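Residues per chain are reported as follows:
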Amino acid sequence: MGIFVKDKAGRSSIGAPWKMRLDEHKSVGKVILLGVDEIAPNPAQPRQEFDLDALKSLADSIQLNGVLQPVLVRRREQPPKEDDPDSAKPYELISGERRLRASRLCGQETIPAVVMDASARQSAVYAILENIQRKDLNLFEEAEALHTLIVEWGVTQEEAAAKLGMAQSTIANKLRLLSLSAAEQKIILENRLTERHGRALLRLEAGEGRELVANLVAEKHLTVRETEELVVRLLSGEQLEQIQSGQPEQSPQPAGQPAEQPVAQPPVEVVQERPRKRNRKVLLVKDVRVFFNTVNQAIDAMKHAGIPAETRREDHGEYIEYHVRIPTSAPCTVSGSRKMAR
């Protein structure tokens, strides 16, 4: 933990671990101690839901160890509004919403902060990009954040793609999700359906019918492929009730022709089959972050061994591409006195 000291104006500053020097006249770029009630929330904050249990856990950690990383704020310039009590606060949060909420939750009166010289636009863009890069927004919060970034703050899709390490087509696909209704979005979130489920549903016309299909997908726990096949059947003219009942599509009977009578079938001898052995269940790891951690650990091990390995990750929506670069001529040391040669 760092040591807090006060300047002549009574404002606090923090020393190690950030190693920042106290300036008696300027606080921009310095770590200072601000009252939690001096900081207004960022109006461009894309996160709409906060896990209360996670906040309580963070609050317990802050109460025990303090805030280990300062929040980022900017000074407010616009005059306060009568209908907005937060507008009278001298600072506006740029990043660190969870730390600020958790500090308030555990009764902290102050929080370490870095004051950034930023405009409202810069603050909004920084906050949105920082939250998207954290990868813990739900898919509609992420889509809404991208929409705000592009529509309200004038960032092009190309610029957003470059800053976020995404393909432009990925961003376009995420923005399409906002065409789903609020009810459809709720079904997808509550049933933990994926972005690809949502894109499959978008092929259907908006309305009550699409919502019914979304409910069916959730109720039957359909995979993405099964959902896409269901949508294709509906687009080809089959009725949802017919699909739910499991009946095959009936071709219409030509007018003037009698309906075909069922042909009597000879009795069939029933042969009791021997019970088949059940296939052994295979555990599928759906969270690919487990594998990302394995890759990252391997790269860290190479770096500790002296190999300057590099990685680059690109999110293409349909898949995630990892680039690993390992120099073959870089010397490295191993345990003992022997060296690994090429």
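The following refers to the structure shown. It should be emphasised that the depicted structure is a prediction, and the values quoted were computed from it without experimental measurement.

**As for the environment of Arg134**
Here is step 1 of the chain: Its place among the elements puts Arg134 in helix α3 (residues 120-134).
Here is step 2 of the chain: Beyond its immediate sequence surroundings of up to four residues, Arg134 is in contact with Arg47 and Arg98.

**Description of the packing of α3 against helix α4 (residues 139-152)**
Helix packing geometry: the angle between the two helix axes and the distance between the axes.
Here is step 1 of the chain: Following both chains from N to C, one finds α3 and α4 inclined at 150°, their axes separated by 10 Å at the closest point. One finds that α3 runs roughly antiparallel with respect to α4. Relative to α4, the crossing made by α3 is left-handed. Contacts between α3 and α4 involve Val125, Ile128, Leu129 and Ile132 from the former and Glu142, Ala145, Leu146, Thr148 and Leu149 from the latter.
Here is step 2 of the chain: For the contact of α3 with α4, the per-class residue count stands at seven nonpolar, one polar and one charged.

**Structural notes on the nonpolar core**
Here is step 1 of the chain: Core analysis: the biggest nonpolar cluster contains 21 residues, and Leu180, Ile188, Val213, Leu230 and Leu234 have the highest contact counts within it.
Here is step 2 of the chain: Looking at this core, the elements that each hand over two or more residues are α4, α7 (182-190), α9 (208-220), α10 (224-235) and α11 (240-245).
Here is step 3 of the chain: Element by element, the count of residues in this core is highest for α9, at five residues.
Here is step 4 of the chain: Ignoring anything within four residues of it in the chain, the contact list for Leu234 reads Leu204, Val213, Gln239, Leu240 and Ile243.
Here is step 5 of the chain: Leu55, Val67, Val73 and Ala113 belong to the second largest nonpolar core, which has 19 residues in total.

The rules behind these values
Residues numbered from 1 in each chain as written. Predicted model: local features only at pLDDT ≥ 70, side-chain atom pairs only at ≥ 80, totals over all residues. Heavy atoms only, no water. Helix = DSSP H or I, 4+ residues; strand = E, 2+ residues; numbered from the N terminus. Contact = heavy atoms within 4.5 Å. Axes fitted to C-alpha atoms, helices over the stretch in contact; angles between N-to-C directions. Parallel < 35°, antiparallel > 145°, perpendicular 65-115°, else oblique. Left-handed = near helix turned anticlockwise from the far one by under 90°. Nonpolar A, V, L, I, M, F, W, Y, C, P; charged D, E, K, R; others polar. Core = buried A, V, L, I, M, F, W, Y, C linked by side-chain atoms within 4.5 Å. Buried < 20%, exposed > 50% of the residue type's maximum accessible area, 1.4 Å probe, protein only.

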